[in-house]
Amino acid sequence: MVSVTPVKDKKRLEVKLGELPSWILMQDLVIATGIQRGYYWCYNKYINMKKGSISGLIMVLAGYMLFHYCLSYKELKHEQLRRYH
């Protein structure tokens, strides 16, 4: 049967695979709005504050170190196994 509900009003599980691109384009930008609000909240809380401290810089550096560690984990693990045996 052909659905009489417009694509925009369908729920996520009711959308057919062929209708998915048009359904995504018709949706409100709720996800983008949430990401933008989160970015501004984090920016105003840690970067753009009246009494600035070094905590924002430390958090950025810690995030960079964690990201770099995740990228080089395979090489570090291989080096650890080779070192003691």
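Reading the values: rules and limits
Residues numbered from 1 in each chain as written. Predicted model: local features only at pLDDT ≥ 70, side-chain atom pairs only at ≥ 80, totals over all residues. Heavy atoms only, no water. Helix = DSSP H or I, 4+ residues; strand = E, 2+ residues; numbered from the N terminus. Buried < 20%, exposed > 50% of the residue type's maximum accessible area, 1.4 Å probe, protein only. Areas by Shrake-Rupley, 256 points an atom, 1.4 Å probe, with all protein chains shown as cover. Polar contact = N/O pair within 3.5 Å; in protein donor to acceptor, adjacent residues only side chain to side chain.

A.B. asks: Can you help me understand the overall build of the chain in this one?
C.D. replies: A tally of helices and strands in the chain yields four helices and zero strands. Starting at the N terminus and ending at the C terminus, the chain contains elements arranged as α-α-α-α. Among the 85 residues that make up the chain, the fraction classed as buried is 6%. When the accessible surface of the chain is totalled, it reaches about 8,500 Å², and 66% of it is carbon and sulfur.

A.B. asks: Looking at this structure, how should I read the side chain of serine 72?
C.D. replies: Position of serine 72 relative to the elements: it lies in the loop between α3 (55–71) and α4 (73–83). For serine 72, a relative accessible area of 18% corresponds to the buried category. Reaching out from serine 72, the side chain makes a polar contact with the backbone oxygen of histidine 68 at a distance of 3.0 Å.

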